[in-house]
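Letter by letter, the chains look like this.
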Amino acid sequence: MTRTKLIYSDTMFVAICIIMYATDGFKKSMSLMAFLIIFIFAGCVIRHVNYYKLNKKIY
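Think of each chain on its own: its residues are numbered from 1, step by step along the sequence as written. Selection of residues for local features in this predicted model requires a pLDDT of at least 70, selection of side-chain atom pairs for listing and counting requires 80 or more, and totals for whole chains, interfaces and linings are taken over all residues. To obtain the side-chain values, all non-hydrogen atoms of the structure were used and water was disregarded.

**Description of a nonpolar patch on the surface**
- A cluster of nonpolar side chains, Leu 32, Phe 35, Leu 36, Phe 39 and Ile 40, forms an exposed patch at the surface whose accessible area comes to about 510 Å².
- Counting from the N terminus, the helices are DSSP H or I runs at least four residues long and the strands are E runs at least two residues long. Checked against the element boundaries, Ile 40 lands in helix α3 (residues 30–55). Exposure above 30% relative accessible area and the absence of a salt bridge qualify a residue for a patch, where like charges join within 9 Å and nonpolar side chains (Val, Leu, Ile, Met, Phe, Trp, Tyr) within 5 Å. In these tables, accessible area is a Shrake-Rupley quantity obtained with a 1.4 Å probe, and a residue counts as shielded only by the protein chains included in the view. Put simply, a salt bridge is a Lys or Arg side-chain nitrogen that is within 4 Å of an Asp or Glu carboxyl oxygen.

**Quick word on the nonpolar core**
- Residues belong to one nonpolar core when they are buried, are Ala, Val, Leu, Ile, Met, Phe, Trp, Tyr or Cys, and are joined through side-chain atoms within 4.5 Å. Residue burial is assigned from relative accessible area. The probe radius is 1.4 Å, only protein chains are included, and a residue is buried under 20% of its type maximum, exposed over 50%, and partly exposed in between. The biggest cluster of nonpolar side chains holds six residues, and these are Phe 13, Cys 17, Met 20, Met 33, Ile 37 and Cys 44.
- When contributions to this core are tallied by element, the ones reaching two or more residues are α1 (3–22) and α3.
- We call two residues in contact whenever any of their non-hydrogen atoms come within 4.5 Å of each other. Residue contacts for Met 20: discarding those within four places in its chain leaves Gly 25, Phe 26, Met 33 and Ile 37.

**A look at the packing of aromatic side chains**
- Note on aromatic pairs: the rings of Phe, Tyr and Trp (six-membered ring only in Trp) are paired at centre separations within 6.5 Å, and the planes decide the class, stacked below 30 degrees, edge-to-face beyond 60, tilted for the rest. With the rule as written, the count across this model stands at two aromatic pairs.
- Judged by centre distance (6.3 Å) and plane angle (20 degrees), the rings of Phe 35 and Phe 39 are stacked. Residue Phe 35 and its partner Phe 39 are both found in helix α3; the two are separated by four residues, about one turn of the helix.
- For Phe 35, a relative accessible area of 55% corresponds to the exposed category.
- You can call Phe 39 exposed: its relative accessible area is 59%.

**Observations regarding the environment of Leu 6**
- Looking at where Leu 6 falls in the secondary structure, it is placed in helix α1.
- Residue class for Leu 6 comes out buried when judged on its relative accessible area of 0%.
- Put simply, Leu 6 and Arg 47 are 41 residues apart on the chain and 7.6 Å apart in space, counted from C-alpha to C-alpha.

**A word on α1**
- Expected span, for any helix, means 1.5 Å times one less than how many residues it has. Along its 20 residues, α1 runs 29 Å from first to last C-alpha, staying within 8% of the 28 Å computed at 1.5 Å per residue.
- Among all positions in α1, only Leu 6, Ser 9, Asp 10, Phe 13, Cys 17 and Met 20 are buried. Within α1, the buried residues cover an arc of 100 degrees as seen down the axis, which keeps them to one side. Along α1, exposed side chains directed more than 90 degrees from the buried face belong to Thr 4, Tyr 8, Ile 18, Ile 19 and Ala 22.
- Considering only its buried residues, α1 is in contact with α2 (25–28) and α3.
- Taken from the residues just after α1, Asp 24 is the one with a positive phi, measuring 60 degrees. Each C-beta atom gives one direction from the helix axis, and the arc is the one those directions make.

Following this line, the structure appears as structure tokens:
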């Protein structure tokens, strides 16, 4: 995984969270959205940890 892919995926995660918040996506189906956001956030953390293990740099 390259640094550019990490930045792109983090940006997309934040953009989707903002869009969902602005369109009340969280209020319509809170339980499903909360589960998905937690799952996606965990994936981001795992990608960052793996990037650090490979490159010994914090992106």
